[in-house]
Structure formats: structure tokens, C-alpha cells
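Chain by chain, the residues run as shown.
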Amino acid sequence: MGIASVAVALGGLASGGLVDTLGPRATAILGWSLAALVSLLFAYKPELSLAALLLWRIANTLPQAAPPVMIARRYIASRATALAIFNTGRRLAALPGPALVGLTATIDSTLPFTIRAALLAISIAILYAMRERRHVTRTMTPAKEVRGTS
């Protein structure tokens, strides 16, 4: 547990730097891609489970700084409300997770990890398809002179 906590701390620290360097969208895609790959490692390479656990903890924290930045850029006037709604939705969506993992694991032990990887891939595709709203700064151009008026 101590090593996993250190992995989360390092992933969280890297999250801010990656968002500043790559941007929030690319960081989220990178983190979720790594998390999807690690989920498949859990399923199909159980002998690497300890290393996969550490990678999983880091991968889950890589996109941590991305949603607040993306929300702040898109919802300028209501960013705190938008972030609160995002966090609430994320927590509520996670509630049935343990029950679904238990149910799918009774069918096949690799199924929860495969489903998680597939859901992350869908999230990546949605995020990739979304375009960030760019704020265009227009420069003032001088008005045309009107000839023949006094």
C-alpha cells in the first residue's frame, strides 16, 4: 500500500507537468491509453500483477489535472459549477463498479479488466473526437477612409 501511495503521488505530480507540456486532451489520452494497456496486463499477464498494479496507479493519476483545465477553458463563466457536476457524475458512475466487477469476474476472471480497457478506449475515442474551443483574439484594423466627406 505504501508503494502504491508513492506511485499515486508521483503520477499526480507528473500530471500537472504533462498537462502544461502536452495539453489536457493529450495528457488524458496518454493516461487513459496507458491505463487500458495496464488493464489488459492484469488480465493476460498475471505474473506481472505487482508491476501492473504500480503502473495502474500511476496511469490513473496521469490525467488527473486534465479535467479541471479542460473545464476552465470551455466553461469560463461557470467553471466551478461545471467541475462540481463533472466530479459528482464521475463518482456516481463509479458506484456500481465493484458490483459489476464481482459479477463479471464470476463469468471470467479476465472480463473485468477487458471491459475496463474497452471503456477506456471508448473514452479515448470520444475525447479524441472532441475539439477544444479556441479563443480567437482579433486585432483591430483601421477603418477605411471615407473620401469626399468633410
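Just so it is clear, the structure is predicted and the values come from calculations on it, not from any experiment. (Residues numbered from 1 in each chain as written. Predicted model: local features only at pLDDT ≥ 70, side-chain atom pairs only at ≥ 80, totals over all residues. Heavy atoms only, no water.)

Digging into a nonpolar patch on the surface
Note the threshold: In this scheme, patches are assembled from residues that exceed 30% relative accessible area and form no salt bridge. Like charges are connected within 9 Å, while nonpolar side chains (Val, Leu, Ile, Met, Phe, Trp, Tyr) are connected within 5 Å. With residues, only the protein chains shown are counted as cover, and all accessible areas are computed by Shrake-Rupley using a 1.4 Å probe. What counts as a salt bridge is simple: a side-chain nitrogen of Lys or Arg found within 4 Å of a carboxyl oxygen of Asp or Glu. Only protein chains enter the calculation, and the probe is 1.4 Å; a residue is then buried if its accessible area is under 20% of its type maximum, exposed if over 50%, and partly exposed in between.
Taken together, the side chains of Ile115, Leu119, Ile122 and Ile126 present a nonpolar region at the surface, about 370 Å² in accessible area. We classify Ile115 as partly exposed; its relative accessible area is 35%.

Section: the nonpolar core
The condition is simple: Within this scheme, the nonpolar core is defined by two criteria: the residues are buried Ala, Val, Leu, Ile, Met, Phe, Trp, Tyr or Cys, and they are joined through side-chain atoms within 4.5 Å. What counts as a helix is a DSSP run of H or I of at least four residues, what counts as a strand is a run of E of at least two, and both are numbered from the N terminus. Throughout, a residue-residue contact means that at least one pair of heavy atoms, one from each residue, lies within 4.5 Å.
Within the largest apolar cluster, 6 residues are counted, these being Val19, Ala28, Ile29, Ala66, Ile124 and Leu127. For this core, the secondary-structure elements that each account for two or more residues are α2 (24-44) and α7 (111-129). When residues no more than four places from it in sequence are discounted, the contact partners of Ala66 are Val19, Pro24 and Ala28. Formed by 5 residues, the second largest nonpolar core is a distinct cluster that contains Ala36, Ala59, Ala117 and Leu120.

Considering the environment of Leu120
Mapped onto the elements, Leu120 comes out in helix α7. Considered as a pair, Leu120 and Ile29 are 91 residues apart in the sequence and their alpha carbons are 9.2 Å apart. When sequence neighbours within four positions are dropped, the list of residues in contact with Leu120 reads Trp32, Ala35, Ala36 and Ser39.

Considerations on the environment of Pro63
Within the fold, Pro63 resides in the loop between α3 (49-61) and α4 (66-74). In contact with Pro63, not counting residues within four places along its chain, are Ser15, Thr27, Ala28, Gly31 and Trp32.

Description of the packing of α2 against α7
The criterion, for reference: To define axes, lines are fitted to C-alpha atoms, for helices over the stretch in contact only, and angles between the resulting N-to-C directions are given on a 0 to 180 degree scale. Geometric relationships in this document are graded by angle, where less than 35 degrees denotes roughly parallel, more than 145 denotes roughly antiparallel, 65 to 115 denotes roughly perpendicular, and other angles denote oblique. Crossings are classed by handedness, with left-handed meaning an anticlockwise turn of the near helix from the far one by less than a right angle and right-handed meaning a clockwise turn.
Where α2 meets α7, the closest approach of the two axes is 8 Å, and the angle between their N-to-C directions is 165°. Between α2 and α7, the crossing angle belongs to the class labelled roughly antiparallel. Read as a crossing pair, α2 and α7 show a hand that is left-handed. Here Arg25, Ala28, Ile29, Trp32, Ser33, Ala35, Ala36, Ser39, Leu40, Phe42, Ala43 and Tyr44 of α2 lie close against α7, whose contacting residues are Phe113, Thr114, Arg116, Ala117, Leu120, Ser123, Ile124, Leu127, Tyr128 and Ala129.

Overview of α3
The criterion, for reference: Multiply 1.5 Å by the residue count of a helix minus one, and that product is the helix's expected span.
Counted at 1.5 Å a residue, the expected span for α3 with its 13 residues is 18 Å, and the 18 Å between its end C-alpha atoms agrees. What α3 keeps buried is the set Ala52, Ala59 and Thr61. Summarising the contacts, the buried residues of α3 are in contact with α1 (2-22) and α2.

Some remarks on α2
Over its 21 residues, α2 extends 30 Å from the first C-alpha to the last, a length consistent with the 30 Å expected when each residue adds 1.5 Å. Tucked into the core, α2 has its buried residues touching α1, α3, α4 and α7.

Scope: geometric values only; no functional claims are made or implied.
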